[in-house]
Amino acid sequence: MKICFIGTGYVGLVSGVCFSDLGNNVICVDKDKDKLSRLKNGDIPIFEPGLSELVKKNLSAGRLSFSDDLISSINKSDIIFIAVGTPTAKDGVSADLSQVFSVVQLISKKIKSHKVIVTKSTVPIGTGDKIEKILNKNKKKGLFTIVSNPEFLREGEAIKDFKYPDRVVIGANDNKVIKIFNELYRPIVNKGAAFVPCSRRAAELIKYASNAFLATKISFINEIANLCEKVNVNVDDVALGIGLDKRIGSRFLRAGPAYGGSCFPKDTKALAKVGKNLNSPLSIVNSVINFNEKRKTYIEKNIYKILQNKIKNKIICFLGVTFKANTDDLRDSSAINLISKFIKKGAKINYYEPSGTKEILDKHKNVNYFDDIYLATKKVDLIIIHTEWDEFKNLNFSKIMNNNKKVIIYDLRNLYDSKYFNNKNSITYYSIGRPVNA
Ligand code: UGA
């Protein structure tokens, strides 16, 4: 099929490249010419394992191309995916749809033959209806069908998630178009993904409800972890014990710091705002948002307790600063929040981050990036394992002990069995929702 993706951000680039890998002809459009020239050489501006290889493979097969010419690209394609950003608006809660609508305005003025226009961007319920109105206003009746096809890709796992999703959701108010998507996603559905045709509004809501539910699961286990700390119970035992009930499910029950990233914080807030606007308050989602905010303070206070409230001139080492492993993304990462608090209190920060140094941190004079774990953890007062990168799962503790008189670790991802530290008397190990060193 002939497909065009508008927006080569995370979603547009991964989905466009993966569709080309399934044998479709895909044009990825963006207005950022520098980015496009990098992409044309297979140079990927985002950190996503496996993506660069896939771009190069499909560029050389001639199925994938990059362009800044929106009009010619849409006129060459049958299906147009809108995958531009929908960041949080200035009010701090709603989704800012200005990029979506400006693309739609352009499309509505230029299409000459029938196009299937698909929102891949996360958009509030009813956005498809608004897009339809814009096209009708520009006298394009009969020349388009609007579809919602939300994405469920995780950063760092996006290619696998695209190729082997649990489900493909297609929201369309026209049965003929469902058949087109049946065909487009056939290779994926044949491998076992469920195909979920539904109304356009339902698809829009499925996306928000999925992210809100996952954020709820994480907040739930984080709150149980707090309770575990009070009653000397290991939260990992609880997560395992409840997760094996298939009605609950074991995934997304890893206790940790507050959830972050570009999606959960933004989408939970936008969903709560939609509920408020429609006088249908989403009290559970609201309390998840509030709990997640408070969690940042809870972790911060724990760190002060560990350091006996003496923060000034303490050297705190962060292992990992991204919001999760296998990404270079710092958006809403709890590390950024914590580091800025500690600097204000006069602490010094060392950090080691597998995805490299971070400009936003390096501008502070008391923050130092190290490209070696053991240099970063040398002569420090506290080591915080913030992100669950694989390389933190087998640290050389003898080396860390040799480099420090006393070792205190706060593991925000429970990467180690706390019993492991019982015999290592010079290490005090704190983790989430578990007794200290026990
Ligand atoms: C999330 C969803 O998982 C995707 O399905 C969705 O497509 C995407 O948002 C989006 O809307 O674009 P992502 O933000 O890449 O994907 O990251 P997740 O893997 O979901 O993690 C989000 C946050 O939750 C991270 O801070 C992570 O550390 C935290 N988390 C996740 C936990 O604390 N515990 C868990 O068990 C799982």
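A quick note: this is a predicted structure, and the numbers were derived from the prediction, not measured.

Novice: Would you mind going over the site of the ligand with me for this structure?
Specialist: The immediate surroundings of the ligand are formed by 19 residues, with Leu-153, Glu-155, Lys-207, Asn-211 and Cys-263 found nearest. Taking Lys-207, its side chain carries an N or O atom lying 2.6 Å from an oxygen atom of the ligand. Here an oxygen atom of the ligand and a backbone polar atom of Phe-323 are 3.1 Å apart. Coverage of the ligand by the protein chains reaches 95% of its 710 Å² of free accessible surface. At the level of elements, helix H10 (200-231) and helix H12 (264-277) are the ones that each hand at least two residues to the shell around the ligand. Broken down by element, the residue count for the shell around the ligand peaks at 3 residues, all from H10. Here the shell around the ligand is composed, by residue class, of 9 nonpolar, 2 polar and 8 charged. The two domains that each donate at least three residues to the shell around the ligand are domain 1 (2-198) and domain 2 (234-438).

Novice: What is the right way to look at the sheet that holds strand S7 (residues 167-172) in this model?
Specialist: Hydrogen bonds between backbone groups are what pair the strands of a sheet, and the pairing can be parallel or antiparallel. Ordered in space as S3-S2-S1-S4-S5-S6-S7-S8, the 8 strands form an open sheet in which the pairing is mixed. Two strands in the sheet have a free side with no partner beyond their single neighbour: strand S3 (64-67) and strand S8 (194-198). Strand-to-strand, the axes of this sheet are offset by a mean angle of 25°, without reference to chain direction. Pairing analysis gives 4 bridges linking strand S2 (residues 25-29) to S3, with the strands arranged parallel.

Novice: I'm lost on the pairing of strand S13 (residues 407-411) in this one. Help?
Specialist: Consecutive side chains of a regular strand alternate in pointing toward one face of the sheet and then the other. Extensive coverage of S13 is indicated by the burial of 5 of its 5 residues. Where burial is concerned, the two faces of S13 agree: the one with Val-407, Ile-409 and Asp-411 and the one with Ile-408 and Tyr-410 are both buried. Relative to S13, strand S12 (residues 382-385) runs parallel, the two sharing 3 bridges. Following the sheet pairing, Ile-384 is matched in S13 by Tyr-410. Tracing the backbone out of S12, into helix H17 (residues 397-402) and back to the parallel element S13 gives a crossover that is right-handed.

Novice: It is not clear to me how H12 should be interpreted in this structure. Could you clarify?
Specialist: For an α-helix, the turn length of 3.6 residues means that residues three or four places apart are oriented alike. Helix length check: H12 (14 residues) gives 20 Å between terminal C-alpha atoms against 20 Å at 1.5 Å per residue, within 8%. The buried fraction of H12 amounts to 10 of the 14 residues, a majority that puts the element mostly inside the structure. Those residues of H12 not exposed but buried are Phe-264, Pro-265, Lys-266, Asp-267, Thr-268, Ala-270, Leu-271, Ala-272, Val-274 and Gly-275. Those residues of H12 that are buried lie in contact with H10 and helix H13 (283-306). Just beyond H12, the residue with positive phi is Asn-279, at close to 55°.

Novice: How should a nonpolar patch on the surface be read in this particular structure?
Specialist: Side chains of Leu-227, Val-231 and Val-233 sit close together on the surface and give an oily, nonpolar patch of about 240 Å² of accessible area. With respect to the element layout, Val-233 can be found in the loop between H10 and helix H11 (235-243).

Novice: Got a minute to help me understand the domain arrangement of the protein chain in this structure?
Specialist: Accessible area lost when the parts come together is the quantity often used to give the size of an interface. Assigned domains within the protein chain: domain 1 (2-198) and domain 2 (234-438). Taking the mean C-alpha position of each, domain 1 and domain 2 sit 34 Å from one another. Taking both partners together, domain 1 and domain 2 bury about 1,300 Å²; carbon and sulfur atoms supply 53% of that area. Summed over the three residues of domain 1 that lose the most area to domain 2, namely Phe-47, Val-93 and Glu-155, the buried surface amounts to 45% of that side. Linking domain 1 with domain 2 are 1 salt bridge. Taking the shortest distance from any N to any O, the salt bridge between Arg-331 and Glu-155 comes out at 3.9 Å. One can count 4 residue pairs in polar contact (both at pLDDT 80 or more) joining domain 1 with domain 2.

Novice: What am I meant to see in the pairing of strand S5 (residues 115-119) here?
Specialist: Of all 5 residues in S5, 5 are buried, a share of seventy percent or more. Where burial is concerned, the two faces of S5 agree: the one with Lys-115, Ile-117 and Thr-119 and the one with Val-116 and Val-118 are both buried. The pairing of strand S4 (residues 79-82) with S5 spans 4 bridges and is parallel. Paired with Ile-80 across the two strands is Ile-117, which belongs to S5. Note that the unit made of S4, helix H5 (residues 98-110) and S5 has a crossover that is right-handed.

Novice: What exactly am I supposed to notice about the environment of Ser-108 here?
Specialist: Relative to the assigned elements, Ser-108 resides in helix H5. The spacing of Ser-108 and Val-17 is 91 residues in sequence and 25 Å in space, taken between C-alpha atoms. In contact with Ser-108, not counting residues within four places along its chain, are Ile-134, Leu-135, Asn-138 and Lys-140. Of the polar contacts made by the side chain of Ser-108, one reaches the backbone oxygen of Gln-105; its length is 2.7 Å.

Thresholds, definitions, all that
Residues numbered from 1 in each chain as written. Predicted model: local features only at pLDDT ≥ 70, side-chain atom pairs only at ≥ 80, totals over all residues. Heavy atoms only, no water. Near = heavy atom within 4 Å. Polar contact = N/O pair within 3.5 Å; in protein donor to acceptor, adjacent residues only side chain to side chain. Areas by Shrake-Rupley, 256 points an atom, 1.4 Å probe, with all protein chains shown as cover. Helix = DSSP H or I, 4+ residues; strand = E, 2+ residues; numbered from the N terminus. Nonpolar A, V, L, I, M, F, W, Y, C, P; charged D, E, K, R; others polar. Domains from an automatic or database assignment. Pairing = 2+ DSSP bridges. Axes fitted to C-alpha atoms, helices over the stretch in contact; angles between N-to-C directions. Buried < 20%, exposed > 50% of the residue type's maximum accessible area, 1.4 Å probe, protein only. Right-handed = clockwise from strand over helix to strand, strands pointing away. Expected span 1.5 Å × (residues − 1). Contact = heavy atoms within 4.5 Å. Patch = residues over 30% accessible without salt bridge, like charges linked within 9 Å, V, L, I, M, F, W, Y side chains within 5 Å. Salt bridge = Lys/Arg side-chain N within 4 Å of Asp/Glu carboxyl O. Buried area = accessible area lost by both parts, 1.4 Å probe.

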